[in-house]
Amino acid sequence: MEALELALPAPAAPAANYKPFVKTGSLVFISGQVPIGPDGIEFQGRLGRDFSIEEGQAAARLCALNILSQVNAACNGDFSQVKSCVKLGGFVNCTPDFDQHPAVINGASDLVVNVMGEAGQHTRFAVGVSSLPFNVAVEVDAIFDVS
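Just so it is clear, the structure is predicted and the values come from calculations on it, not from any experiment.

Caption draft 1: View of the overall build of the protein. Broken down by element type, the protein carries two helices and seven strands. When the helices and strands of the protein are placed in sequence order, the string is β-β-β-β-α-β-α-β-β. At 14 Å, the protein has a C-alpha radius of gyration in line with the 15 Å of a compact globule built from 147 residues. Considered along the principal axes of its C-alpha atoms, the protein spans approximately 40 × 35 × 30 Å. Looking at the 147 residues of the protein, the share that counts as buried comes to 42%. Across the protein, the fraction of contacts at a sequence separation of at least 24, relative to all contacts at a separation of at least 6, is 78%. Here the protein displays about 7200 Å² of accessible surface, and carbon together with sulfur accounts for 51% of that area. Across the protein, the centroid of the 8 positively charged side chains sits 9 Å from that of the 15 negatively charged ones.

Caption draft 2: Summary view of the pattern of salt bridges. Within this structure, the stated rule accounts for one salt bridge. Here Arg-49 makes a salt bridge to Asp-50, at a shortest N to O gap of 2.9 Å. Classification of Arg-49 as exposed rests on a relative accessible area of 53%.

Caption draft 3: Representation of the packing of helix α1 (residues 53–74) against helix α2 (residues 101–116) in the model. Relative to each other, α1 and α2 sit at 40 degrees, their axes nearing to 7 Å. It follows that α1 is oblique to α2 by the angle criterion. Where α1 crosses over α2, the two elements pack in a sense that is right-handed. For the pair α1 and α2, the contacting residues are Ile-53, Gly-56, Gln-57, Ala-60, Arg-61, Ala-64, Leu-65 and Leu-68 in the first and Ala-103, Val-104, Ile-105, Gly-107, Ala-108, Leu-111, Val-112 and Val-115 in the second. For the contact of α1 with α2, the per-class residue count stands at twelve nonpolar, three polar and one charged.

Caption draft 4: Inspection of the packing of aromatic side chains at higher detail. Counted under the stated rule, the structure contains two aromatic pairs. Arranged with centres 5.3 Å apart and planes meeting at 75 degrees, the rings of Phe-91 and Phe-125 form a pair that is edge-to-face. Taken together, the residues Phe-91 in strand β5 (residues 82–93) and Phe-125 in strand β6 (residues 123–129) connect sequence positions 34 residues apart. Judged by its relative accessible area of 28%, Phe-125 is partly exposed.

Caption draft 5: Here's a closer look at unusual backbone geometry. The backbone of Asn-76 sits at a positive phi, close to 55 degrees, despite the residue not being glycine. Here Asn-76 is to be found in the loop between α1 and β5.

Caption draft 6: Focus on α1. The end-to-end C-alpha distance of α1 is 31 Å, a good match for the 32 Å that 22 residues give at a rise of 1.5 Å each. Backbone geometry just after α1 places Asn-76 at a positive phi near 55 degrees.

Caption draft 7: Focus on the sheet that holds strand β1 (residues 21–24). Reading across from one edge, β1-β2-β7-β5-β6 is the order of the five strands in this open sheet, with mixed pairing throughout. A strand with exactly one partner marks an edge of an open sheet, and here the two such strands are β1 and β6. Within the sheet, the average angular offset between the axes of one strand and its neighbour, ignoring direction, is 15 degrees. Taken together, the seven bridges between β5 and β6 define a ladder with parallel strand orientation. Among the inter-strand pairings, Gly-90 is bridged to a residue of β6, identified as Ala-126. Of the strands in this sheet, β1, β2 (27–33), β5 and β7 (138–146) are in contact with α1, which crosses β7 at around 35 degrees. Of the strands in this sheet, β5, β6 and β7 touch α2, which is tilted by about 160 degrees from β5.

Rules behind the numbers
- Residues numbered from 1 in each chain as written.
- Predicted model: local features only at pLDDT ≥ 70, side-chain atom pairs only at ≥ 80, totals over all residues.
- Heavy atoms only, no water.
- Helix = DSSP H or I, 4+ residues; strand = E, 2+ residues; numbered from the N terminus.
- Rg over C-alpha atoms; globule rule 2.2 N^0.38 Å.
- Buried < 20%, exposed > 50% of the residue type's maximum accessible area, 1.4 Å probe, protein only.
- Contact = heavy atoms within 4.5 Å.
- Areas by Shrake-Rupley, 256 points an atom, 1.4 Å probe, with all protein chains shown as cover.
- Lys, Arg positive; Asp, Glu negative; His and termini not counted.
- Charge placed at Lys NZ, Arg CZ, Asp CG, Glu CD.
- Salt bridge = Lys/Arg side-chain N within 4 Å of Asp/Glu carboxyl O.
- Axes fitted to C-alpha atoms, helices over the stretch in contact; angles between N-to-C directions.
- Parallel < 35°, antiparallel > 145°, perpendicular 65-115°, else oblique.
- Left-handed = near helix turned anticlockwise from the far one by under 90°.
- Nonpolar A, V, L, I, M, F, W, Y, C, P; charged D, E, K, R; others polar.
- Phe/Tyr/Trp six-rings, centres within 6.5 Å; stacked < 30°, edge-to-face > 60°.
- Expected span 1.5 Å × (residues − 1).
- Pairing = 2+ DSSP bridges.

This is the structure in structure tokens:
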């Protein structure tokens with residue numbers, strides 16, 4: 001994280017009646033994270049209308065940073081317990097004709113791999129949707145293997 005000049009934000013509190021993460025056995029399931037930055041929700045709008053692919057990637061990257069914050073919290077602040085990222089799921093708020101969902105979610109995938117190296121390699125899905133909570137451009141969830 002330091003080499004990438006990244007700092008984990010405080011884990012976001014859930015916005016409704018759910019847990020931000022659930023640990024079961026050696027797996028931690030992270031609820032969908034939206035692009036919340038230091039000043040609150042960022043990237044509100046749709047890909048294909050309001051944002052470029054590069055801006056969508058920045059939104060996905062911010063989601064991934066929030067995911068890493070949640071998994072760190074699940075490990076009581078000991079990130080060394082995180083063995084691998086198993087799966088990322090990416091939702092892209094977009095216009096009906098937008099078809100670059102994988103390129104957008106690469107922003108999240110690339111951050112996880114850059115932080116974790118080979119242990120960050122994961123399975124994934126990237127889909128387009130007609131809306132997301134708070135009109136955010138991207139939402140990403142994750143599963144991690146921890147010791």
